[in-house]
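Examining the three-dimensional arrangement
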Amino acid sequence: MSSGARTARRPSQWAIWFFGALGGILWGYDTGVISGAILFIPDDIPLSSLEQGTVVSGLLVGAMLGAGVSGRLADTLGRRLLILIGGIVFVVGTLGAALGVNVAMLVAFRFVMGTGVGIVSVVVPMYLSELAPARIRGRLTSLMQLLVTVGIFLAYVTDFAFAESRDWRWMIGLGVIPAVLLAVGIYTQPESPRWLVAQKPDGGVEDARVVLERLRGTPEAAEAELSEIRESVRVERENTEKVAIGALFSPRLRRLTLIGMLLVFFQNFVGINTIIYYAPTLLTDVGFGATGAIGANVGIGAVNMLMTLPGMWLIDRAGRRPLLRWGAVGMCVSMVVLAVTNLVGLEQGPLLLGLTLAGIVVYIASFSISWGPVQWVLLPELFPLRVRAGAVAFCVTFNWLFNMTVALLFPSLLEAFGAGWNFLFFAVTTAAAYVYATRLLPETKGRSLEEIERSLRNEYQH
């Protein structure tokens, strides 16, 4: 194939990655924007403390529902169509929340927004993983995590921009722009060739061949990958095991299910949500003024976004396991610093401010380069095609449950025990995460999904 032909194909390929991962911006924006908006909503809608918590956590409950139903729907409707539906759900939820006139409307439409978050958190990594070539699958799949951090950063900047006017409706409402782009853009993109072969016996193979030729550039490369996909589908169809939740705990899959569940457990219980949701609170507690805390939070969001870039570059070079291990070390050291800083009772002043801010920044950097992007790359890689959608949906549903648990409990635990003991707890969980990444996690870099499936089938079949 000529270089001109390759050049002609390139824009369409990047459109797939861009629109496929755009859901990450919505996920990050809708998750992050409420931290600022909730300060000003009471200007128009009086909220008790319980109602504030309900408004914030409404998105997380919706995310659990969206993730829970996405597995079956992704197999029935297809990856692309379900992402399109997720974009439409985002538009409805965002507009409804921005125009809310009472607590019930806010909670209801935050729930709708959360449903969209849950859908994209399951389907987008799966879609990108199934379309990406093996040698750069980690980078392309982790593109969504980069855009999650971009969305969080944009949310913090938007909160800061509208803080003086206290216009929370614009803070929330601007999220409709990427939602519309996602819904319109993904409609123009191809379906996953693996879904086409598995779910459309009549004509699916030919459709998959067209998509693969467009993505891989040559008929030979497309045919080789298509042969692997067809063999994988054939093997899975010969397996009599039903695709249901119970199948995930069968002898053939239960260890992979355990690995996936521990992955989402540690990603949440290493303490990331306490930093994302409550960094301004922690900073004001050690002496920052409100404006300084909000400004520092924008900086934290920038670190979160920028440190995802080397993570994307390293994930296909260093591998998944090394990134998770060294990320856990960095987070553990940071949590120890934060725990000691708070437990020794330093007086408010430059030393306390500097140590606290440094601990948070190093923690965010360590997470962003490792556990942030790697989870979303690894989950679709762990499971065979026949159960991939349901297994990823199952794990991601628990991801949102763990997320909500930490978000709801941390303020009460902070009040009861203080920041130091909470940070010490997270230091222990990050140490456990290091052991998990070292002892249990398989390495998947550089291999096709079908090669990974064969390897893990042989390793974990007993």
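Residues numbered from 1 in each chain as written. Predicted model: local features only at pLDDT ≥ 70, side-chain atom pairs only at ≥ 80, totals over all residues. Heavy atoms only, no water.

- With an unreviewed UniProt entry as reference, the protein chain is termed Sugar porter family MFS transporter, source organism Pseudonocardia tropica.
- Its UniProt record gives the protein chain a comment under Sequence similarities (unreviewed entry), which states: "Belongs to the major facilitator superfamily. Sugar transporter (TC 2.A.1.1) family."
- Regarding the protein chain, the relevant UniProt record gives this comment under Subcellular location (unreviewed entry): "Cell membrane". (UniProt positions renumbered as here; feature names shortened; annotations may be inferred.)

Digging into the overall build of the protein chain
- When its secondary structure is counted, the protein chain shows 22 helices and zero strands.
- Scored against the burial criterion, the 462 residues of the protein chain give a buried share of 57%.
- Once local pairs closer than 6 in sequence are excluded, the contacts in the protein chain between residues at least 24 apart make up 83%.
- Here the protein chain displays about 17900 Å² of accessible surface, and carbon together with sulfur accounts for 67% of that area. (Helix = DSSP H or I, 4+ residues; strand = E, 2+ residues; numbered from the N terminus. Buried < 20%, exposed > 50% of the residue type's maximum accessible area, 1.4 Å probe, protein only. Contact = heavy atoms within 4.5 Å. Areas by Shrake-Rupley, 256 points an atom, 1.4 Å probe, with all protein chains shown as cover.)

Some remarks on a nonpolar patch on the surface
- There is a patch of nonpolar side chains on the surface, built from Leu343, Leu408, Leu409, Leu413, Phe417, Trp421 and Leu424 and spanning about 660 Å² of accessible area.
- If you tally residues by element for the nonpolar patch, the top one is helix α21 (residues 385-439), at six residues.
- As for its position among the elements, Trp421 is in helix α21. (Patch = residues over 30% accessible without salt bridge, like charges linked within 9 Å, V, L, I, M, F, W, Y side chains within 5 Å. Salt bridge = Lys/Arg side-chain N within 4 Å of Asp/Glu carboxyl O.)

As for helix α6 (residues 103-131)
- Relative to the 42 Å expected for 29 residues at 1.5 Å per residue, α6 spans 42 Å between its end C-alpha atoms, a close match to the ideal helical length.
- Largest kink in α6: about 25 degrees, centred on Val120.
- Among the 29 residues of α6, 22 are classified as buried, and the element is accordingly described as predominantly covered.
- The N-terminus of α6 is capped by Asn102, whose side-chain oxygen sits 3.2 Å from the backbone nitrogen of Ala104. (Expected span 1.5 Å × (residues − 1). Bend = angle between axes of the 7 residues up to and from the residue. Polar contact = N/O pair within 3.5 Å; in protein donor to acceptor, adjacent residues only side chain to side chain.)

Observations concerning unusual backbone geometry
- For Arg166, which is not a glycine, the phi torsion comes out positive at approximately 60 degrees.
- Here Arg166 shows up in the loop between α8 (143-163) and α9 (168-173).

With respect to the confidence of the model for the protein chain
- The pLDDT averaged across the protein chain works out to 80; a share of 85% of its residues lies at or above 70.
- By mean pLDDT, the top-scoring element of the protein chain is α9 (92), and the lowest-scoring one is helix α1 (residues 3-21) (55).
- Between residues 1-11, whose pLDDT stays under 50, and residues either more than four places distant or in other chains, the model counts six contacts. (pLDDT = per-residue confidence, 0-100.)

Comments concerning the packing of aromatic side chains
- All told, the structure shown has 10 aromatic pairs when counted by the stated rule.
- Centre to centre, the rings of Phe265 and Phe266 are 5.4 Å apart; their planes meet at 75 degrees, and the pair counts as edge-to-face.
- On the accessibility criterion, Phe265 (29% relative accessible area) is partly exposed.
- With a relative accessible area of 9%, Phe266 lands in the buried category.
- Note on Phe266 and Tyr436: the rings are 5.5 Å apart at their centroids and 40 degrees apart in plane angle, and the pair reads as tilted. Taken together, the positions of Phe266 in helix α14 (residues 254-269) and Tyr436 in helix α21 put the pair 170 residues apart, joining distant regions of the chain.
- Relative accessible area serves as the criterion here: at 3%, Tyr436 is assigned to the buried category.
- Through a chain of ring-to-ring contacts, three or more aromatic side chains come together here, namely Phe265, Phe266, Phe269, Trp371, Phe394, Phe398, Phe402 and Tyr436.
- In this arrangement the basic side chain of Arg80 is found over the ring face of Tyr187, its NZ or CZ atom lying 5.9 Å from the centre. (Phe/Tyr/Trp six-rings, centres within 6.5 Å; stacked < 30°, edge-to-face > 60°. Lys NZ or Arg CZ within 6 Å of the ring centre and 35° of its normal.)

Structural notes on the pattern of salt bridges
- All chains considered together, the criterion is met by six salt bridges.
- Ionic pairing is found between Glu223 and Arg209, a salt bridge with its closest N-O pair at 2.9 Å. With a gap of 14 residues between them, Glu223 in helix α13 (residues 219-238) and Arg209 in helix α12 (residues 204-216) connect regions that are remote in the sequence.
- Arg320 is the partner of Glu381 in a salt bridge, and the nearest nitrogen-oxygen pair spans 2.6 Å.

Topic: the side chain of Thr94
- Assignment of secondary structure puts Thr94 in helix α5 (residues 79-98).
- Judged by its relative accessible area of 0%, Thr94 is buried.
- Those residues in contact with Thr94 that lie beyond four places of it in its chain are Asp30, Met113, Ile172, Gly173, Gly175 and Val176.

Thoughts on α14
- With 16 residues, α14 extends 22 Å from end C-alpha to end C-alpha; this agrees with the ideal 22 Å at 1.5 Å per step.
- Along α14, the residues classified as buried are Leu256, Thr257, Ile259, Gly260, Met261, Leu263, Val264, Phe266, Gln267, Asn268 and Phe269.
- Gly271, located one to two residues past α14, shows a positive phi value of around 105 degrees.

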